[in-house]
Amino acid sequence: MCFLWHQFVVLQRLFNRYLPAMHRLSNRTHEETLVFFDLETTGLDTSTCDIVQLSAISGNKIFNVYMLPRCTMTDGASRVTGLTTCADGLFLHGQSLDTIPVKEALKSFISFLKTINNPLLVGHNCRRFDSPILLRIMSEFHLLDEFLDVLSGFLDTLPLSREMFGLQKYSQPFLVQHFLQRSYVAHNATEDVRALQALYRVWQPSMELVNKHRFRL
DNA sequence: TGCCAGGCCCTCTTTAGGGCCTT
């Protein structure tokens, strides 16, 4: 009897010790893989603009494509990105870029995501800007269902950083300067995703905050 | 000359308005 009671006490202690960890594990999304992404677009109007550059990074895997937009770039977008379009193609600071058709670019991005386990797309201000544009254009090319099937969700680092830190600004260049003590080539999607990945490594937000700021369609 | 969209956040607010954030 005494032996059984001892076994019970041992099991109870083990249970009490590991239950909180098991509970945290069940709520974690660590089986998801973070994929930092960014768009360069023809403008700021999320209902009409087109994507000209789509970049993503997950670990050491990098994705980047340029595409010819179906509409002209606004002066503001050309000014901040250095990208211009004409009948001959897409140019970065006057240098011609290799582009692929929009649908091919989107399908290529979906294929990239399929190589990643349960991808969670992470972007700065992506709830209000990048994700509505990406979802709209995926829908226009009848790729939305396939895209959503492969995707775990989105995570917006703008409200996440606002909740984590008390700063005067939360633009990505400011955050990079503040946390990484360096400047970078903002408004180039590849540089933006590398910078955001580096910021996230420094921040290491809690799963509670991640779950608070994640979303799906 | 500089803005052009739209939603969130903050405050000198809530019957509003300006700044921020993305290109």
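None of the values given here were measured: they were computed from a predicted structure. (Residues numbered from 1 in each chain as written. Chains lettered and ligands numbered in written order. Predicted model: local features only at pLDDT ≥ 70, side-chain atom pairs only at ≥ 80, totals over all residues. Heavy atoms only, no water.)

A. Focus on the protein's contact with DNA strand B. Contacts to DNA strand B come from 21 residues, most closely from Glu40, Arg128, Tyr170, Gln172 and His187. Within 4 Å of the protein, the contacting atoms of DNA strand B are 64% sugar and phosphate, with bases supplying the remainder. Within the side chain of Glu40, a nitrogen or oxygen atom sits 2.6 Å from a sugar or linking oxygen of DNA strand B. The backbone of Tyr170 places a nitrogen or oxygen atom 2.3 Å from a phosphate oxygen of DNA strand B. For the surface near DNA strand B, the elements supplying multiple residues, two or more each, are strand 1 (33-41) and helix 2 (75-81). (Near = heavy atom within 4 Å. Polar contact = N/O pair within 3.5 Å; in protein donor to acceptor, adjacent residues only side chain to side chain. Helix = DSSP H or I, 4+ residues; strand = E, 2+ residues; numbered from the N terminus.)

B. Representation of the packing of helix 7 (residues 172-180) against helix 8 (residues 189-203) in the model. The geometry of helix 7 relative to helix 8 is characterised by a closest axis approach of 10 Å and an angle of 45° between their N-to-C directions. As the angle between them shows, helix 7 and helix 8 are arranged oblique. For the element pair helix 7 and helix 8, the recorded crossing hand is left-handed. Of the residues in helix 8, those in contact with Gln172, Leu175, Val176, Phe179 and Leu180 of helix 7 are Asp192, Ala195, Leu196, Ala198, Leu199, Val202 and Trp203. In terms of residue class, the contact of helix 7 with helix 8 is built from 10 nonpolar, 1 polar and 1 charged. (Axes fitted to C-alpha atoms, helices over the stretch in contact; angles between N-to-C directions. Parallel < 35°, antiparallel > 145°, perpendicular 65-115°, else oblique. Left-handed = near helix turned anticlockwise from the far one by under 90°. Contact = heavy atoms within 4.5 Å. Nonpolar A, V, L, I, M, F, W, Y, C, P; charged D, E, K, R; others polar.)

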